[in-house]
Amino acid sequence: MARKIKVYPEIRVPSALGQTWAAYRQDSLAMLGLWGLLFLLATLCFGPMLVSFDPLKQDPNALLLPPSWTQQGTIEYFFGTDDLGRDLLSRLVHGARLTFGYALMATLVALVSGCLLGLIGGMSRGLTASTLHHVLDPLLSIPSLLLAIVLVALLGPGLPNVTLAITLALIPQITGATYNAVRQELGKEYVTAARLDGSPPYRILRWAVLPNILDTLVAQTTRSLSMAILDISTVSFLGIGAQAPAPEWGNMLAGGLELIYVASWNVTLPGLAIMLSVVITNLVGDGLRNALQKGMD
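Residues numbered from 1 in each chain as written. Predicted model: local features only at pLDDT ≥ 70, side-chain atom pairs only at ≥ 80, totals over all residues. Heavy atoms only, no water.

Some words on the pattern of salt bridges
Side-chain pairs of opposite charge can arise where the charged atoms are in close proximity.
Okay, so step 1: Applying the stated criterion across every chain yields a total of three salt bridges.
Okay, so step 2: A salt bridge links aspartate 82 to arginine 86; the shortest N-O distance between them is 2.8 Å. (Salt bridge = Lys/Arg side-chain N within 4 Å of Asp/Glu carboxyl O.)

The structure is reproduced here in structure tokens:
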């Protein structure tokens with residue numbers, strides 16, 4: 001009589017991406033940040049098409065209307081209006097493109113440029129590494145906001161110049177973080193063993209260094225995005241960034257400052273938008289960094 005052989009199902013080992021996602025989902029704050037980030041991106045892309053009012057349109061019959069959840073508010077102007085009768089909801093939604101959108105663009109450009117410079121400097125020896133190291137030291141000693149203000153003063157006011165200035169201010173920080181992370185990894189024993197086995201530099205970079213510095217790059221990227229949001233808002237608040245009547249959040253904050261005791265929602269709402277975007281960015285960054293570290297363990 002033939003003997004039956006039991007066939008067991010194949011056990012699939014999750015990929016590194018699957019392990020990272022599984023670890024990320026276990027963090028409730030990180031998931032909250034992810035949903036908030038998706039909402040910000042959706043507002044950035046589709047929000048202006050959904051609001052009813054032009055953010056620059058003035059209505060003399062709707063001056064300083066309070067938000068709809070107050071007794072004097074109306075559902076037509078959900079977040080109320082400013083001293084010129086402009087709808088605050090429309091201005092906040094359009095302002096997401098000017099604040100969060102430009103900050104995201106500046107961070108991505110600085111990330112690509114800074115990572116390339118940091119990787120080249122970290123993997124190099126001699127004059128290239130020494131030059132990069134001595135150039136980074138004075139640049140990293142200057143706060144990014146101060147450097148951005150100096151560059152805007154040279155380039156002139158306006159949001160495009162502010163974005164360029166913040167990009168140039170973020171590149172040294174991302175370059176320095178990448179350079180230090182690569183140098184730290186190159187000094188470890190497993191990299192030395194890979195070199196003794198004859199692995200070329202590009203293979204060491206691809207398979208040994210990059211996977212182990214992802215958490216550092218994620219942390220620096222989210223930190224840079226948070227700084228870019230705050231810097232764009234601050235420079236516009238000071239009057240040398242986005243110019244009125246542009247609905248940039250920092251510009252709205254400066255415009256509503258005189259109304260803080262009369263119509264406090266003109267200051268509270270753009271301030272909350274800035275704060276929540278920074279908090280969401282940090283929650284996503286912290287969750288992703290922790291998930292990457294768990295995946296590597």
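Quick look at empty space enclosed by the protein
Okay, so step 1: According to the stated counting rule, one finds one cavity of 30 Å³ or more in the structure shown.
Okay, so step 2: The calculated volume of the largest cavity comes to roughly 40 Å³.
Okay, so step 3: Looking at the lining of the largest cavity, the elements that each hand over two or more residues are helix 4 (127-140), helix 5 (144-155) and helix 6 (159-186).
Okay, so step 4: When residues in the lining of the largest cavity are grouped by element, the largest group, three residues, is from helix 6. (1 Å grid on protein atoms, 1.4 Å probe; cavity = no way out; pocket = protein on both sides within 12 Å on 5 of 7 lines; lining within 4 Å. Points joined across faces, edges and corners; volume = space filled by probe spheres on them. Helix = DSSP H or I, 4+ residues; strand = E, 2+ residues; numbered from the N terminus.)

So, the packing of aromatic side chains
The geometry of two aromatic rings is summed up by the distance between their centres and the angle between their planes.
Okay, so step 1: Here the structure, examined in full by the defined rule, presents five aromatic pairs.
Okay, so step 2: Ring plane angle 15° and centroid distance 6.0 Å describe the contact between tryptophan 21 and tyrosine 24, whose orientation is recorded as stacked. Residue tryptophan 21 and its partner tyrosine 24 are located together in helix 1 (residues 16-25), separated by three residues, close to a single helical turn.
Okay, so step 3: The exposure class assigned to tryptophan 21 is partly exposed, which follows from its relative accessible area of 39%.
Okay, so step 4: Between phenylalanine 78 and phenylalanine 79, the aromatic rings sit 5.2 Å apart at their centres with planes inclined by 40°, giving tilted as the arrangement.
Okay, so step 5: Note on phenylalanine 78: relative accessible area 36%, which makes it partly exposed.
Okay, so step 6: Linked through ring pairs, Trp69, Phe78 and Phe79 together constitute an aromatic cluster. (Phe/Tyr/Trp six-rings, centres within 6.5 Å; stacked < 30°, edge-to-face > 60°. Buried < 20%, exposed > 50% of the residue type's maximum accessible area, 1.4 Å probe, protein only.)

A word on a nonpolar patch on the surface
Okay, so step 1: Judged by side-chain polarity, Ile142, Leu146, Val150, Leu154, Leu155, Leu164 and Leu168 come together as a nonpolar surface patch covering roughly 610 Å² of accessible area.
Okay, so step 2: Those elements giving two or more residues to the nonpolar patch turn out to be helix 5 and helix 6.
Okay, so step 3: With respect to the helices, strands and loops of the structure, isoleucine 142 is situated in the loop between helix 4 and helix 5. (Patch = residues over 30% accessible without salt bridge, like charges linked within 9 Å, V, L, I, M, F, W, Y side chains within 5 Å. Areas by Shrake-Rupley, 256 points an atom, 1.4 Å probe, with all protein chains shown as cover.)

Some thoughts on the environment of tryptophan 207
Okay, so step 1: Inspection of the secondary structure puts tryptophan 207 in helix 8 (residues 201-237).
Okay, so step 2: For tryptophan 207, a relative accessible area of 57% puts it in the exposed group.
Okay, so step 3: Sequence separation between tryptophan 207 and valine 191 is 16 residues, and the spatial gap between their C-alpha atoms is 10.0 Å.

Topic: the side chain of glutamate 248
Okay, so step 1: Relative to the helices and strands, glutamate 248 resides in the loop between helix 8 and helix 9 (249-255).
Okay, so step 2: One buried charged residue, glutamate 248, remains without a salt bridge, the closest side chain of opposite sign being arginine 91 at 9.0 Å.
Okay, so step 3: Within the structure, glutamate 248 has its side chain in polar contact with the backbone nitrogen of asparagine 251 (distance 2.8 Å).
Okay, so step 4: Contacts of glutamate 248, omitting those with residues within four sequence positions, involve Leu98, Thr99, Ile232, Ser233, Ser236 and Ala242. (Lys, Arg positive; Asp, Glu negative; His and termini not counted. Polar contact = N/O pair within 3.5 Å; in protein donor to acceptor, adjacent residues only side chain to side chain. Contact = heavy atoms within 4.5 Å.)

Structural notes on the nonpolar core
Okay, so step 1: Of all hydrophobic cores here, the largest spans 62 residues; its most connected members are Leu92, Phe100, Ile166, Val209, Ile213, Ile229 and Trp249.
Okay, so step 2: In contact with isoleucine 213, other than residues within four places in its own chain, are Leu119, Ala181, Val182 and Glu185. (Core = buried A, V, L, I, M, F, W, Y, C linked by side-chain atoms within 4.5 Å.)

As for unusual backbone geometry
Okay, so step 1: Residue proline 245 is reached from alanine 244 by a cis peptide bond, and omega for that bond is 10°.
Okay, so step 2: Tracing the sequence through the fold places proline 245 in the loop between helix 8 and helix 9.
Okay, so step 3: Positioned with a positive phi, leucine 64 is a non-glycine residue whose angle comes to about 55°.
Okay, so step 4: Turning to its location among the elements, leucine 64 is positioned in the loop between helix 2 (28-50) and helix 3 (88-123).
Okay, so step 5: Taking relative accessible area as the criterion, leucine 64 reaches 26% and is therefore assigned partly exposed.

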